[in-house]
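Structural overview for review
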Amino acid sequence: MCLEDEAGFTRRPPKGRTWGRRGITPVVKVSGSRSGRVSAAGLIAMRPGSRTRLCHRLRRHTGRKGERRSLSEHDYIGLIDGVHQLVKAPIVLVWDRLNTHVSQAMRDLIDAQDWLSVFILPAYAPELNAVEYLWAHVKRSLANLSSVALDHLEALVRNRLKRLQYRSDILDGFLTGTGLSLDLPPPSP
């Protein structure tokens, strides 16, 4: 079973809490330029008896005229295909109603693959998707960190995700936060 979600990171850092001396407010200086962003798609793959895995795709958007500002169907197809190659098993994919997830190109891909089953989450149910907790974790680690260059921001996000790939206990914690379980029911007598 795989859960998928996407997030965006800009050069303006998410707000975080910090401490400072009384009367001296800490200030994070941020460039006035807002062009560019890093789009990320993350997929948590779990199977009873195996360790939980994280796969992701990143795309940098520089803000040039005519450039797509989000991930395309081809990015998601590449992510799903990469996970299929990694787990070497049929995939049950659960994701939201993003326009690229329900597009005709994506439906054609899903229909063409016999190893892929897709279920769509209800209209607004972030508490059911463990990848939402992943993005909150990554964004919290980037709080109050001002990045000067877009490639530096991409490297930071890639670094944070790479570290989480080897921490299946944290990924399992994200799954536990949803309240969902992969325990199979006991066989009937």
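Data block above holds the structure.
What counts and how
Residues numbered from 1 in each chain as written. Predicted model: local features only at pLDDT ≥ 70, side-chain atom pairs only at ≥ 80, totals over all residues. Heavy atoms only, no water. Helix = DSSP H or I, 4+ residues; strand = E, 2+ residues; numbered from the N terminus. Contact = heavy atoms within 4.5 Å. Phe/Tyr/Trp six-rings, centres within 6.5 Å; stacked < 30°, edge-to-face > 60°. Buried < 20%, exposed > 50% of the residue type's maximum accessible area, 1.4 Å probe, protein only. Lys NZ or Arg CZ within 6 Å of the ring centre and 35° of its normal. Pairing = 2+ DSSP bridges. Axes fitted to C-alpha atoms, helices over the stretch in contact; angles between N-to-C directions.

1. Observations regarding the environment of phenylalanine 174
Within the fold, phenylalanine 174 resides in helix 5 (residues 168-178). Counting along the chain gives 45 residues from phenylalanine 174 to asparagine 129, while the straight-line C-alpha distance between them is 8.6 Å. Beyond its immediate sequence surroundings of up to four residues, phenylalanine 174 is in contact with Ile44, Ala130, Tyr133, Leu134 and His137.

2. Considering the packing of aromatic side chains
In this structure the tally under the stated criterion is two aromatic pairs. With a centroid separation of 6.0 Å and an interplanar angle of 70°, the aromatic rings of phenylalanine 9 and tryptophan 135 are classed as edge-to-face. Placement of the pair is phenylalanine 9 in strand 1 (residues 2-10) and tryptophan 135 in helix 3 (residues 130-141), with a sequence separation of 126 residues. When its relative accessible area of 4% is taken as the criterion, tryptophan 135 is described as buried. Taken together, a centroid distance of 6.3 Å and an interplanar angle of 85° make the contact between tyrosine 76 and tryptophan 95 edge-to-face. Of this pair, tyrosine 76 sits in helix 1 (residues 73-87) while tryptophan 95 sits in strand 4 (residues 91-95), and the two are 19 residues apart along the sequence. Here tyrosine 76 falls in the buried class, since its relative accessible area comes to 2%. Residue class for tryptophan 95 comes out buried when judged on its relative accessible area of 1%. Of note, lysine 139 hangs over the ring of phenylalanine 9, and the distance from its end group to the ring centre comes to 5.3 Å.

3. Quick notes on the sheet that holds strand 1
Read from one edge to the other, the open sheet built from five strands follows the order 3-2-1-4-5, with strand pairing classed as mixed. Each edge of the sheet is formed by a strand with only one pairing partner; in this case those strands are strand 3 (53-61) and strand 5 (116-120). Along the sheet, successive strands turn relative to each other by an average axial angle of 25°, direction set aside. Here nine bridges tie strand 2 (residues 37-45) to strand 3, and the two strands are oriented antiparallel to one another. Paired with valine 38 across the strands is arginine 60, a residue of strand 3.

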